[in-house]
Amino acid sequence: AQSVDQPDAHVTLSEGASLELRCSYSYSAAPYLFWYVQYPGQSLQFLLKYITGDTVVKGTKGFEAEFRKSNSSFNLKKSPAHWSDSAKYFCALEGTGGNNKLTFGQGTVLSVIP
Amino acid sequence: GGIITQTPKFLIGQEGQKLTLKCQQNFNHDTMYWYRQDSGKGLRLIYYSITENDLQKGDLSEGYDASREKKSSFSLTVTSAQKNEMAVFLCASSWLFYAEQFFGPGTRLTVL
């Protein structure tokens, strides 16, 4: 079984601050990990993914994420945050073996105050 | 680039009614997916299809049927609509394996 947990339902910070959205996963083998963003009124958009190799991956819109096998985490980071980053962020896991099945976390709503 | 189209944008039905949602993609992607997004929650996979005429059940397939008769299209049928199924249904597509998924704009289902 595979699962993803995003423990923070809401995160609020001021523009210019650093943001870090938490994601932890449970999976018995090496996972493939993704972050997606959903802006208000829009559908999901891909931000970045970790498949293998460097544990820090960079994505679109200035975001990056660090894969930490030791504590089963894949936290999303950006500095500085901009008000336009306000959105809902989803972490997702695909199991190895190419089953194409994504398991999503509950999502974190990020509010960046100008 | 490509696009995913979902029809209709809003779907209203009666409890117990059979309802069909449609999705088209022009990326030429192999794999297509149907997710349900309940208000304030994450996405749950209903069905996915690796290729034409292939169907794989997700975690939430009970009460749904799917059909993939062409590579570019993927339909989802709610077999007997229930009030607790009111949600936004998202279609997505991707290349095979570990690839980013591209999402459509969604169909919002209301059950009266």
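Data block above holds the structure.
A short tour of the structure in this document, coming up. Computed from a predicted structure; not experimentally measured. (Residues numbered from 1 in each chain as written. Chains lettered and ligands numbered in written order. Predicted model: local features only at pLDDT ≥ 70, side-chain atom pairs only at ≥ 80, totals over all residues. Heavy atoms only, no water.)

Time to look at the packing of aromatic side chains. Here the structure, examined in full by the defined rule, presents 17 aromatic pairs over all chains. Geometrically, the ring pair formed by Tyr 50 of chain A and Phe 74 of chain A is tilted, given 6.5 Å between the ring centres and 50° between the ring planes. In this pair, Tyr 50 of chain A is assigned in strand β6 (residues 44-50) and Phe 74 of chain A in strand β9 (residues 73-78), connecting sequence segments 24 residues apart. In this pair, the class of Tyr 50 of chain A matches that of Phe 74 of chain A, namely buried. Site record: aromatic cluster; members linked through ring pairs are Phe 34, Tyr 36, Phe 46, Phe 90 and Phe 104 of chain A together with Tyr 33, Tyr 35, Tyr 48 and Phe 103 of chain B. (Phe/Tyr/Trp six-rings, centres within 6.5 Å; stacked < 30°, edge-to-face > 60°. Helix = DSSP H or I, 4+ residues; strand = E, 2+ residues; numbered from the N terminus. Buried < 20%, exposed > 50% of the residue type's maximum accessible area, 1.4 Å probe, protein only.)

Here we come to the pattern of salt bridges. Using the criterion set out here, one finds eight salt bridges over all chains in the structure. Between Arg 44 of chain B and Asp 38 of chain B there is a salt bridge whose closest N-O contact spans 2.9 Å. In this structure Asp 38 of chain B comes out as buried when scored by relative accessible area, which is 10%. Where salt bridges share partners, they join Glu 66, Arg 68 and Lys 77 of chain A into one cluster. (Salt bridge = Lys/Arg side-chain N within 4 Å of Asp/Glu carboxyl O.)

As a further point, take the pairing of strand β10 (residues 87-94) of chain A. Note on strand geometry: in a regular strand, side chains alternate between the two faces of the sheet. Residues and elements named next belong to chain A. In terms of burial, β10 is largely enclosed, as eight of its eight residues are buried. Residues Ala 87, Tyr 89, Cys 91 and Leu 93 line one face of β10 and the alternating positions Lys 88, Phe 90, Ala 92 and Glu 94 line the opposite face, and both faces are buried. Of the pairings in the sheet, the one linking strand β5 (residues 32-38) to β10 comprises seven bridges and is antiparallel in character. In the strand pairing of β10, Phe 34 is matched with Ala 92. Sheet analysis places β10 next to strand β12 (residues 108-113), joined by three bridges and oriented antiparallel. Among the inter-strand pairings, Tyr 89 is bridged to a residue of β12, identified as Thr 108. Of the pairings in the sheet, the one linking β10 to strand β11 (residues 102-104) comprises three bridges and is antiparallel in character. Considered in β11, the bridge of Leu 93 is made with Thr 103. (Pairing = 2+ DSSP bridges.)

Moving on: the state of the cysteines. Structurally, a disulfide amounts to a covalent bond that connects the sulfur atoms of two cysteines. On inspection of all chains with the given rule, the structure shows two disulfides over all chains. One disulfide bridge connects Cys 23 of chain A with Cys 91 of chain A, the sulfur atoms lying 2.0 Å from each other. For the disulfide bridge between Cys 23 of chain A and Cys 91 of chain A, the dihedral angle about the S-S bond is near -65°, and by the sign convention the bridge is left-handed. One end of the pair, Cys 23 of chain A, is in the loop between β3 (19-21) and β4 (24-26); the other, Cys 91 of chain A, is in strand β10, with 68 residues separating them in the sequence. Considered together, Cys 23 of chain A and Cys 91 of chain A belong to a single accessibility category, that of buried residues. Linked covalently through their sulfurs, Cys 23 of chain B and Cys 91 of chain B form a disulfide whose S-S length is 1.9 Å. Between Cys 23 of chain B and Cys 91 of chain B, the S-S torsion sits near -75°, and that sign places the bridge as left-handed. Of this pair, Cys 23 of chain B sits in strand β3 (residues 19-25) while Cys 91 of chain B sits in strand β9 (residues 87-94); the two residues are 68 residues apart in sequence, bridging distant segments of the chain. (Disulfide = S-S within 2.5 Å.)

All names here are of chain B. Along the chain, Arg 68 turns up in strand β7 (residues 64-70). Buried charge Arg 68 goes without a salt bridge, the closest partner of opposite sign being Asp 54 at 6.5 Å. Among the polar contacts listed, one links the side chain of Arg 68 to the backbone oxygen of Lys 71, at a separation of 2.7 Å. (Lys, Arg positive; Asp, Glu negative; His and termini not counted. Polar contact = N/O pair within 3.5 Å; in protein donor to acceptor, adjacent residues only side chain to side chain.)

Another aspect to go through is the sheet that holds strand β8 (residues 73-78) of chain B. Residue and element names in this part refer to chain B. Sheet architecture is open: four strands sit in the order β1-β3-β8-β7, paired in antiparallel fashion. Taken across any chain shown, the strands that pair with only one partner, and hence form the sheet edges, are β1 (4-7) and β7. Neighbouring strand axes in the sheet, compared pairwise and without regard to direction, differ in orientation by 15° on average. Across four bridges, β1 lies against β3 in antiparallel orientation. If you follow Thr 7 over to β3, its bridge partner there is Lys 22. (Axes fitted to C-alpha atoms, helices over the stretch in contact; angles between N-to-C directions.)

In this section: the interface of chain A and chain B. On the side of chain B, 24 residues touch chain A, which itself brings 22 residues to the contact. Summing both partners gives a buried area of about 1700 Å² for chain A against chain B, and 52% of it is carried by carbon and sulfur. For the pair chain A and chain B, the number of links is zero salt bridges. Of all the elements in the fold, those that place two or more residues in the side of chain A that touches chain B are β5, β6, β10 and β11 of chain A. Per-class residue counts for the side of chain A that touches chain B are nine nonpolar, nine polar and four charged. (Contact = heavy atoms within 4.5 Å. Buried area = accessible area lost by both parts, 1.4 Å probe. Nonpolar A, V, L, I, M, F, W, Y, C, P; charged D, E, K, R; others polar.)

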